[in-house]
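Survey of secondary and tertiary structure
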Amino acid sequence: MSDLTLELEGIEKFYNRGKPSEVKVLRGASLRLKAGEVVALVAPSGAGKSTFLHIAGLLDVADSGMVRHAGRDMSSEPDRVRTETRREDVGFIYQFHHLLPEFSALENIVIPQLANGKSEAEAKARAMDLLARVGVAGRADHRPAALSGGEQQRVAFCRALANAPRLLLADEPTGNLDPATSDQVFAALMDLVRDTGLSALIATHNLELAARMDRIVRLEQGVIV
Ligand code: ADP
């Protein structure tokens with residue numbers, strides 16, 4: 001197996017192709033992520049960072065270029081394989097937590113594991129372990145609305161890691177929090193990522209946070225520099 005968790009090569013993406021409103025968002029963007037490597041993706045708003053993360057995470061397809069997960073070319077795989085790979089190998093975190101409001105913190109982390117075939121006992125044990133690692137085990141029975149913004153985001157991190165992915169993709173994971181909370185929550189995320197040996201690509205505007213990762217790449221004019 002490849003020691004590269006993720007490879008993107010020459011990724012191009014257009015919106016409204018062929019129309020006067022055409023935008024060429026990505027113009028040959030390339031990136032390699034080694035196993036266990038944590039990379040900051042820094043880009044101004046509108047530069048195409050969400051588009052890039054969605055293509056990397058197999059939520060969207062590029063117009064051209066290659067996406068490999070653990071050495072396997074996903075560009076030519078059928079939807080079924082891409083969906084399976086995404087579900088098993090990729091965890092997503094967004095700026096907003098997107099937790100299910102009618103379920104507890106614990107249940108939000110248990111549900112994706114049940115969907116992946118785990119027993120309820122196994123899923124609960126893993127969920128509690130993850131919650132404890134990010135310091136919110138005491139809030140396991142609370143619904144999202146009863147949690148602070150920082151706690152909601154910590155729970156969302158646990159949900160992203162519920163099925164033990166190899167790759168974490170995060171789009172401004174602390175962008176919705178005040179600076180002090182953002183700092184603490186980000187530290188919790190980094191500890192979790194390091195403990196589990198995940199590869200991570202984390203988009204952020206915050207250069208201080210970016211500096212704590214292994215490497216910083218920038219998305220400018222549709223390419224990674
Ligand atoms: P970022 O995450 O860096 O803010 P996005 O990847 O969301 O940037 O978007 C990059 C550019 O592509 C923006 O100019 C945006 O308006 C445009 N765009 C994104 N999605 C679509 C779409 N579905 N249709 C047309 N244009 C889009």
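Throughout what follows, the structure given in this document is the object of discussion. (Residues numbered from 1 in each chain as written. Predicted model: local features only at pLDDT ≥ 70, side-chain atom pairs only at ≥ 80, totals over all residues. Heavy atoms only, no water.)

Quick notes on the overall build of the chain
Tallying secondary structure elements over the chain gives seven helices and ten strands in all. Counting only C-alpha atoms, the chain reaches 50 × 40 × 35 Å along its principal axes. Relative to its full complement of 225 residues, the chain shows a buried share of 47%. A separation of at least 24 residues holds for 71% of the contacts in the chain among residues at least 6 apart in sequence. For the chain, the accessible area works out to roughly 10,500 Å², and carbon and sulfur atoms hold 49% of it. In the chain, the 27 positive side-chain charges and the 30 negative ones have mean positions that sit 2 Å from each other. (Helix = DSSP H or I, 4+ residues; strand = E, 2+ residues; numbered from the N terminus. Buried < 20%, exposed > 50% of the residue type's maximum accessible area, 1.4 Å probe, protein only. Contact = heavy atoms within 4.5 Å. Areas by Shrake-Rupley, 256 points an atom, 1.4 Å probe, with all protein chains shown as cover. Lys, Arg positive; Asp, Glu negative; His and termini not counted. Charge placed at Lys NZ, Arg CZ, Asp CG, Glu CD.)

A short note on the packing of helix α4 (residues 120-133) against helix α5 (residues 149-161)
Between α4 and α5, whose axes approach to 9 Å, the crossing angle comes to 135°. As judged from the angle between their axes, α4 and α5 are oblique. As for the relative orientation of α4 and α5, their crossing is right-handed in sense. Mapping the contact onto sequence places Arg126, Leu130 and Leu131 in α4 and Val155, Cys158 and Leu161 in α5. Residues belonging to the contact of α4 with α5 are distributed by class as follows: five nonpolar, no polar and one charged. (Axes fitted to C-alpha atoms, helices over the stretch in contact; angles between N-to-C directions. Parallel < 35°, antiparallel > 145°, perpendicular 65-115°, else oblique. Left-handed = near helix turned anticlockwise from the far one by under 90°. Nonpolar A, V, L, I, M, F, W, Y, C, P; charged D, E, K, R; others polar.)

So, the pattern of salt bridges
Enumeration over the complete set of coordinates arrives at 17 salt bridges. Residue Glu7 is joined to Arg32 by a salt bridge in which the shortest nitrogen-to-oxygen separation is 3.5 Å. In this pair, Glu7 is assigned in strand β1 (residues 4-15) and Arg32 in strand β2 (residues 23-34), connecting sequence segments 25 residues apart. Judged by relative accessible area, Glu7 falls into the buried class, the value being 8%. Glu120 serves as the salt-bridge partner of Lys124, at 3.4 Å between the closest nitrogen and oxygen. Highlighted residues: Lys124 and Glu120, both in helix α4, separated by four residues, approximately one helical turn. (Salt bridge = Lys/Arg side-chain N within 4 Å of Asp/Glu carboxyl O.)

Considering the site of the ligand
As a structural note, the neighbourhood of the ligand is formed by Tyr15, Val25, Pro44, Ser45, Gly46, Ala47, Gly48, Lys49, Ser50 and Thr51. Within the contact set of the ligand, an oxygen atom lies 3.2 Å away from a backbone nitrogen or oxygen of Ala47. Lys49 is positioned such that a nitrogen or oxygen atom in its backbone is 2.8 Å from an oxygen atom of the ligand. Per element, the largest residue contribution to the shell around the ligand is three residues, and it comes from helix α1 (residues 49-56). Each residue belonging to the shell around the ligand can be placed in one class, and the counts come to four nonpolar, five polar and one charged. (Near = heavy atom within 4 Å. Polar contact = N/O pair within 3.5 Å; in protein donor to acceptor, adjacent residues only side chain to side chain.)

Here we look at helix α6 (residues 179-196)
Across its 18 residues, α6 extends 26 Å between first and last C-alpha, which sits within 8% of the 26 Å expected from 1.5 Å per residue. Burial in α6 covers these residues: Ser182, Val185, Phe186, Ala188, Leu189, Met190, Leu192 and Val193. Backbone geometry just after α6 places Gly197 at a positive phi near 70°. (Expected span 1.5 Å × (residues − 1).)

Quick word on the environment of Arg126
Looking at where Arg126 falls in the secondary structure, it is placed in helix α4. The sequence separation of Arg126 and Ala146 amounts to 20 residues, and the corresponding C-alpha distance is 22 Å. A distance of 2.8 Å separates a polar side-chain atom of Arg126 from the backbone oxygen of Leu161.

Focus: the pairing of strand β3 (residues 38-42)
Buried residues dominate β3, accounting for five of its five residues. Neither face of β3 is open: one carries Val38, Ala40 and Val42, the other Val39 and Leu41, and all of them are buried. Inspection of the sheet shows β3 paired to strand β8 (residues 199-203) by four bridges, in the parallel sense. Paired with Val38 across the strands is Ala200, a residue of β8. By the bridge criterion, four bridges tie β3 to strand β9 (residues 215-220) in an arrangement that is parallel. Its bridge partner being in β9, Leu41 is matched across the sheet by Val217. (Pairing = 2+ DSSP bridges.)

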